[in-house]
Amino acid sequence: QVQLVESGGGLVQAGGSLRLSCAASGIIFSMNAMGWYRQAPGKERELVASITSGGTATYVESVKGRFTISRDNTKNTVYLQMNSLKPEDTAVYYCNTRPWRGSYWGQGTQVTVSS
């Protein structure tokens, strides 16, 4: 049974920082590309950042230079460091493999950025 458990969200002022974590179990974590996705109210879920099994990261244009994805294969955990947060970053953030698998979605973690 695969479990992806996100944590680290919260309420922060614009310009602030948060670090999200996603602990994985039930998969061979080190062999999977992982992604952070987000879904804002009324919008579709989008891929924000991804990291290959070898550690190569890619980002959606809107977060380049502000967000950093990383992974620790010894802890089966993927992270998302978010700096210079903007109100438009407000969303529920999820992790999943990349490509995502429907049965892997967790509860997500809410990030709210106030202006």
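Every chain's residues receive numbers from 1 upward, in the order its sequence appears when written. Local features in this predicted model are restricted to residues of pLDDT 70 or higher, and side-chain atom pairs are both shown and tallied only at a pLDDT of 80 or more, whereas totals for entire chains, interfaces and linings draw on every residue. The basis for the side-chain values is all heavy atoms of the structure; hydrogens and waters are excluded.

A. Layout of the state of the cysteines. Disulfides are defined as cysteine sulfur pairs within 2.5 Å. If you walk through the whole model with that rule in mind, you get one disulfide. Linked covalently through their sulfurs, Cys22 and Cys95 form a disulfide whose S-S length is 1.8 Å. Here the residue Cys22 occupies a position in strand β3 (residues 18-25), and Cys95 occupies one in strand β9 (residues 91-97), the gap between them amounting to 73 residues. Think of it in three bands: residues with accessible area under 20% of the maximum for their type are buried, residues over 50% are exposed, and the middle band is partly exposed, with areas taken using a 1.4 Å probe on protein chains only. Looking at Cys95, the relative accessible area reads 0%, which means it is buried. Under the scheme used here, helices are H or I runs from DSSP no shorter than 4 residues and strands are E runs no shorter than 2 residues, and both carry numbers assigned from the N terminus.

B. Looking closely at the environment of Asn96. By secondary structure assignment, the location of Asn96 is in strand β9. The contact rule is simple, with two residues in contact once any of their heavy atoms fall within 4.5 Å. Setting aside residues up to four positions removed in sequence, Asn96 forms contacts with Leu4, Met34, Gly35, Tyr37, Arg101, Tyr104 and Trp105. Here a polar contact is recorded for every N or O atom pair within 3.5 Å, except that within protein the pair must consist of a potential hydrogen donor and a potential acceptor, and residues adjacent in sequence are included only if both atoms are side-chain atoms. Within polar-contact distance, the side chain of Asn96 engages the side chain of Thr97 at 3.2 Å. From its side chain, Asn96 meets the backbone oxygen of Arg101 in a polar contact 3.1 Å long.

C. Region of the structure containing the sheet that holds strand β6 (residues 57-59). The pairing criterion for strands is at least two bridges between them, as found by DSSP. Strand order across the open sheet formed by six strands is β2-β10-β9-β4-β5-β6, with mixed pairing between neighbours. Edge positions in the open sheet fall to β2 (10-13) and β6, since each of these has one partner strand only. Here the strands of the sheet are splayed against their neighbours by 25° on average, with no regard to which way each runs. Relative to strand β5 (residues 46-51), strand β4 (residues 34-39) is paired through five bridges, and the arrangement is antiparallel. Each bridged residue has a counterpart across the sheet, and for Gly35 the counterpart in β5 is Ser50. Here an angle of 0 to 180 degrees is reported between the N-to-C directions of two axes, which are lines fitted to C-alpha atoms, with helices fitted over the stretch in contact.

D. The arrangement of unusual backbone geometry in detail. In this structure, Pro99 follows Arg98 across a cis peptide bond, with omega equal to 5°. Assignment of secondary structure puts Pro99 in the loop between β9 and β10 (109-114). Positive phi values are uncommon outside glycine, yet Asn76 reaches one of about 50°. On the secondary structure map, Asn76 appears in the loop between β7 (67-72) and β8 (77-82). With a relative accessible area of 27%, Asn76 lands in the partly exposed category. In the Ramachandran plot, Ser84 falls in the positive-phi region, its phi being about 50° despite a non-glycine side chain. By the secondary structure assignment, Ser84 is in the loop between β8 and β9.

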